[in-house]
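A structural walkthrough
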Amino acid sequence: MSTVAVHDHGVVHHEEGHGHHHKETFISKYIFSMDHKMIAKQFLITGITMAFIAMTLSILFRIQLAYPDKSFPLLETLLGRFAPGGRLDPNFYLSLVTIHGTIMVFFVLTAGLSGTFSNLLIPLQVGARDMASPFMNMLSYWFFFIACVIMLSSFFVTKGPASGGWTVYPPLSALPKAMPGSEAGMTLWLASMICFVASSLMGGINYVSTVLNMRTKGMDLWKMPLTVWAFFLTAVLGVLSFPVLVAGVVLLIFDRSMGTSFYLSDIVLNGKVMPFEGGSPILFEHLFWFLGHPEVYIVIMPAMGISSEVMSVNSRKPIFGYHAMVYSLIGITVLSFIVWGHHMFVTGMNPFLGGVFMITTLIIAVPSAVKTFNWLATLWRGNIRFKPAMLFAIGMVSFFISGGLTGIFLGNAALDINLHDTYFVVAHFHLVMGSAAIFGMLAGVYHWFPKMFGRLMDEKLGYLHFWLTFIGAYLVFFPMHFMGLDGVPRRYYAFTEFESMKRWLSVNVFITWAAIMSGLAQVAFIYNFVTSIFWGKKTTQNPWQANTLEWTAPIEHFHGNWYGEIPTVYRWPYDYSKPGAEEDFIMQTTPLSETMSSNLPSDFEDNPVGLEAHTKWVIANRPNEEVK
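Starting from 1, residues in each chain are numbered consecutively following that chain's sequence as written. Side-chain atom pairs in this predicted model are given and counted only at pLDDT of 80 or more, local residue features only at pLDDT of at least 70, and totals for whole chains, interfaces and linings cover all residues. Side-chain measures were taken over the full set of non-hydrogen atoms in the model, leaving aside hydrogen atoms and water.

Attention now moves to the overall build of the protein chain. Numbering of helices and strands runs from the N terminus, with a helix taken as a DSSP run of H or I at least four residues long and a strand as a DSSP run of E at least two residues long. Secondary structure summary: the protein chain contains 18 helices and four strands in total. What you see for the protein chain is a C-alpha radius of gyration of 26 Å, in line with the 25 Å of a compact globule of 628 residues. Sorting the 628 residues of the protein chain into buried and exposed places 58% on the buried side. Residues count as neighbours in contact if any of their non-hydrogen atoms are within 4.5 Å of one another. For the protein chain, contacts bridging at least 24 residues in sequence account for 76% of all contacts bridging at least 6. For every accessible area listed, the method is Shrake-Rupley and the probe measures 1.4 Å; residues are considered covered only by the protein chains on display. Summing over all exposed atoms, the protein chain offers an accessible surface of approximately 25600 Å²; the carbon and sulfur share of this is 68%. Charge separation in the protein chain, taken as the distance between the mean sites of 36 positive and 38 negative side-chain charges, equals 5 Å. To get the radius of gyration, use the C-alpha atoms; to get the globule rule, take the number of residues to the power 0.38 and multiply by 2.2 Å. Categorising residues by exposure relies on relative accessible area from a 1.4 Å probe, with only protein chains included: less than 20% of the type maximum marks a residue as buried, more than 50% marks it as exposed, and the intermediate range marks it as partly exposed. The charge count includes Lys and Arg as positive and Asp and Glu as negative, but it does not include His or the ends of the chains. A single reference atom marks each charge: NZ on Lys, CZ on Arg, CG on Asp, CD on Glu.

Here it is in structure tokens:
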């Protein structure tokens, strides 16, 4: 029987039995799907695949750093001309570093994290049947997939992939003849990033529109979970900052192909003076980092939102300082646009301007510190359940603290001049951004796996995965701080060329084996992930006893999320362990009139009728209690 469901905000959704579609084919359901839940799975599986590729690349160049003078015949077998005699070609080494960084920052931590969880959770947690534009949502995934294919195809061009670092600074990126990776590989890198930005913009516009326009009845902004706040503000950041990268890339293409000089001036190539004049590579740095610094918050803010939700659920406590958490997310969003210059202290910028960027950089640590304090206060005296998701969320906080502290060093202009482009920087951003965001993402995978696939992951394998990855990440990145303090520069092909760097060779061997251990831990995760999809224990509708709306939706997936009417929201999402309540959690869909014994005056913000009813109930049932 055909029914028509009318959304609370006037959006009409046609349903046929279980969903919107009369008959779904394999292609319409699994490939060109317009269901946000299926698109979330596509983003997740593509992101995990890209993460494994990036991890493999990192192990390849770590082997080179650990054993710079040894030959590995297997490398020549696998890589052919890129590893002649069993040793990595120096240009290909730079390509590995470049593509590893690009894949991790953009394709895993940006698209894999936001694309998966914004798609999965925004409609379910705000009470919408789907995204504002399901078709544009589908396009955003396919543009992302095309970007991945183009990026990986650069391994198959004659001169190899791009090799100017993931920041692709000119002149290496602007002069096709500068080095082998500056030719076709760099062209493919630029084409891939344009497709990626198109994907991000379509996704971001969709997320913002859905949050603003499609919330269910009763779901005002202060009843949204912190996950939705984080995804919403992340999308705002992306929509405002990614177009600047496209502008920079377009000018780079002009310099490469049309003889312009936006970024090039006074270039001598093989003893020949090139005809470029008037440009400046510093212009590219400004354009790149105007995206690049909001980008680090585009990466970490979804992980913050996910960890906040997971910690509250598994501490059985309300999140500490909900309003402060929201305002700190807003503060990070605003401030992230005025700190990009701290990446450029060594470019010769005016010291006064450097001072301004230094101050804004230190100020942005304040909302981050607020969040950290609130996470620790949420854990304090909680009835903690140490599920794998909870361990990864706590691990995210650990990396955020330890990596964030070193940001104070690098945000200080005088110290940064000494530490810039050393392993200290590598250690800092791999902890605060890389490891913290990955742990936030993994917390989300373990927590919402039942919602995505209707089954539970194996907990014992989850614990093994956590401890090996957590210990391995610290063993890999913590020693790099000391290398950086000793002045060891990053991106160097071999440490045996300089006497001052030889002493760190044994540390590089240690780091490489720790990286291999961490890589093997991910095999346990993949085994757990894949087998649980097909053979995992079947889940109940609300396995974690959480409050948010997604756990009110049926386990079986269909396009539309809820049968019949969408649930109405009456309360905020963190009513855990409330004094006077019968259970230690109260769903958002439970009316306040059904929980009179546990209601507080603060529950009736902007609801004078409800407050009056609460006051009458207290007078009738608790005559000795003072009514506030």
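In this analysis, rings of Phe, Tyr and Trp, with Trp reduced to its six-membered ring, are considered paired at centre separations within 6.5 Å, and the interplanar angle assigns stacked below 30 degrees, edge-to-face beyond 60, and tilted for intermediate values. Counted by the stated rule, this structure contains 60 aromatic pairs. For the ring pair F82 and F92, a centre distance of 4.4 Å and an interplane angle of 10° mean the geometry is stacked. Within this pair, whereas F82 is found in the loop between α3 (73-79) and α4 (90-126), its partner F92 is found in helix α4, the two being separated by ten residues in sequence. For the pair shown, F82 and F92 are each scored as buried. Residues F399 and F439 carry aromatic rings whose centres are separated by 4.8 Å and whose planes lie at 75° to one another, so their mutual orientation is edge-to-face. Taken together, the residues span a long stretch of sequence, with F399 in helix α12 (residues 388-410) and F439 in helix α14 (residues 423-453) at a distance of 40 residues.

A separate point is the pattern of salt bridges. Between side chains of opposite charge, a pair can form as their charged atoms come close. Any carboxyl oxygen of Asp or Glu that lies within 4 Å of a side-chain nitrogen of Lys or Arg is treated as forming a salt bridge with it. Taken as a whole and assessed by the stated rule, the structure comprises twelve salt bridges. Here R503 makes a salt bridge to D486, at a shortest N to O gap of 3.8 Å. A residue pair is termed long-range when its members are at least 10 positions apart, and R503 in the loop between α16 (499-502) and α17 (505-535) and D486 in the loop between α15 (459-485) and α16 qualify at 17 residues. Judged by its relative accessible area of 55%, R503 falls in the exposed class. Across the pair E499 and K502 runs a salt bridge, and its minimum N-O distance is 3.1 Å. Residue E499 and its partner K502 are located together in helix α16, separated by three residues, close to a single helical turn. E499 sits in the exposed class, given a relative accessible area of 64%. Here the residues in one salt-bridge network are R571, D575, K578 and D603, joined through shared partners.

Looking now at the side chain of H465. Here H465 is to be found in helix α15. Here a polar contact means two N or O atoms within 3.5 Å. Within protein one must be a hydrogen donor candidate and the other an acceptor candidate, and residues neighboring in sequence count only if both atoms are side-chain atoms. Separated by 2.8 Å, the side chains of H465 and Q522 make a polar contact. In contact with H465, not counting residues within four places along its chain, are F392, L442, Y446, A521, Q522 and F525.

Next up on the list: the environment of H428. Here H428 is to be found in helix α14. Put simply, H428 and S602 are 174 residues apart on the chain and 41 Å apart in space, counted from C-alpha to C-alpha. Not counting residues up to four positions away in its chain, the partners in contact with H428 are G403, T406, G407, L410, M433 and H481.

To count toward a patch, a residue needs a relative accessible area above 30% and no salt bridge. Like charges then connect within 9 Å, nonpolar side chains (Val, Leu, Ile, Met, Phe, Trp, Tyr) within 5 Å. The grouping of L362, L376, I401, L405, I408, F409 and L415 at the surface amounts to a nonpolar patch, some 590 Å² of accessible area in total. Element by element, the count of residues in the nonpolar patch is highest for α12, at four residues. Checked against the element boundaries, L362 lands in helix α10 (residues 351-363). Since its relative accessible area comes to 37%, L362 is described here as partly exposed.

Two cysteine sulfurs form a disulfide in these notes if their separation is within 2.5 Å. Enumeration according to the criterion identifies zero disulfides in this entry. The closest cysteine sulfur to the non-disulfide-bonded C148 is located on C195, 10 Å from its own sulfur. Overall, C148 belongs to the buried group, its relative accessible area being 3%. The class for C195 is buried, based on a relative accessible area of 16%.

This next bit is on the nonpolar core. Here, nonpolar core refers to any group of buried Ala, Val, Leu, Ile, Met, Phe, Trp, Tyr and Cys residues whose side-chain atoms link them within 4.5 Å. Among the nonpolar cores identified, the biggest contains 181 residues, and F107, F196, M396 and F529 are the most heavily contacted of them. Ranked by the residues each element gives to this core, the list is headed by α4, at 20 residues. When sequence neighbours within four positions are dropped, the list of residues in contact with F107 reads G47, M50, T102, G112, F144, A147, C148, M151, S192 and F196.

In contact at an axis separation of 8 Å, helix α7 (residues 226-257) and helix α8 (residues 281-315) are set at 160° when each is read in the N-to-C sense. Classed by the angle they form, the pair α7 and α8 counts as roughly antiparallel. The chirality of how α7 crosses α8 is left-handed. Three classes are used, and their members are as follows: Ala, Val, Leu, Ile, Met, Phe, Trp, Tyr, Cys and Pro are nonpolar, Asp, Glu, Lys and Arg are charged, and the others, Gly among them, are polar. Partitioned by chemical class, the residues of the contact of α7 with α8 number 21 nonpolar, seven polar and two charged. The axes used here are C-alpha line fits, helices contributing only the stretch in contact, and every angle between their N-to-C directions lies in the interval 0 to 180 degrees. An angle below 35 degrees is treated as roughly parallel, one above 145 as roughly antiparallel, one from 65 to 115 as roughly perpendicular, and anything else as oblique. Whether a crossing is left-handed or right-handed is set by the direction in which the near helix is turned from the far one by less than a right angle, anticlockwise for left-handed and clockwise for right-handed.

In this section: α15. At 3.6 residues per turn, the α-helix brings residues three or four places apart onto the same side. The end-to-end C-alpha separation of α15 is 40 Å, in line with the 39 Å expected for 27 residues at 1.5 Å each. Trailing α15 by a residue or two, G487 shows a phi angle of about 85°, which is positive. Working rule for helices: expected span equals 1.5 Å times residues minus one.

We now examine the side chain of D575. One can find D575 in the loop between α17 and α18 (608-621). Within the structure, the side chain of D575 is placed 2.7 Å from the side chain of W572, a separation counted as a polar contact. Once you skip the residues sitting within four places of it in the chain, D575 turns out to touch N547, D584, F585 and I586.

Attention shifts here to helix α2 (residues 36-66). For α2, built from 31 residues, the straight-helix expectation of 45 Å at 1.5 Å per residue is met to within 8% by its first-to-last C-alpha distance of 44 Å. Burial analysis of α2 places 25 of its 31 residues in the buried class, which makes it a mostly covered element.

Of note, the bond from P170 into P171 is cis; its omega dihedral lies within 30 degrees of zero at 5°. Among the secondary structure elements, P171 is positioned in the loop between α5 (134-153) and α6 (184-213). Despite not being glycine, N270 shows a phi value in the positive range, around 55°. Positionally, N270 belongs in the loop between β3 (268-269) and β4 (272-273). Judged by its relative accessible area of 80%, N270 falls in the exposed class.

For the rest of this paragraph, the subject is the environment of A54. Considering the arrangement of structural elements, one finds A54 in helix α2. Each C-alpha atom, one on A54 and one on M304, is 23 Å from the other, the two residues being 250 residues apart in sequence. Those residues in contact with A54 that lie beyond four places of it in its chain are H100, I103 and M104.

Turning to the packing of α5 against α6, a few remarks are in order. Taken N-terminus to C-terminus, the directions of α5 and α6 make an angle of 160°; their axes are 8 Å apart at the nearest point. As the angle between them shows, α5 and α6 are arranged roughly antiparallel. Crossing angle aside, the handedness with which α5 passes α6 is left-handed. Classifying every residue of the contact of α5 with α6 by side-chain character gives 18 nonpolar, seven polar and no charged.

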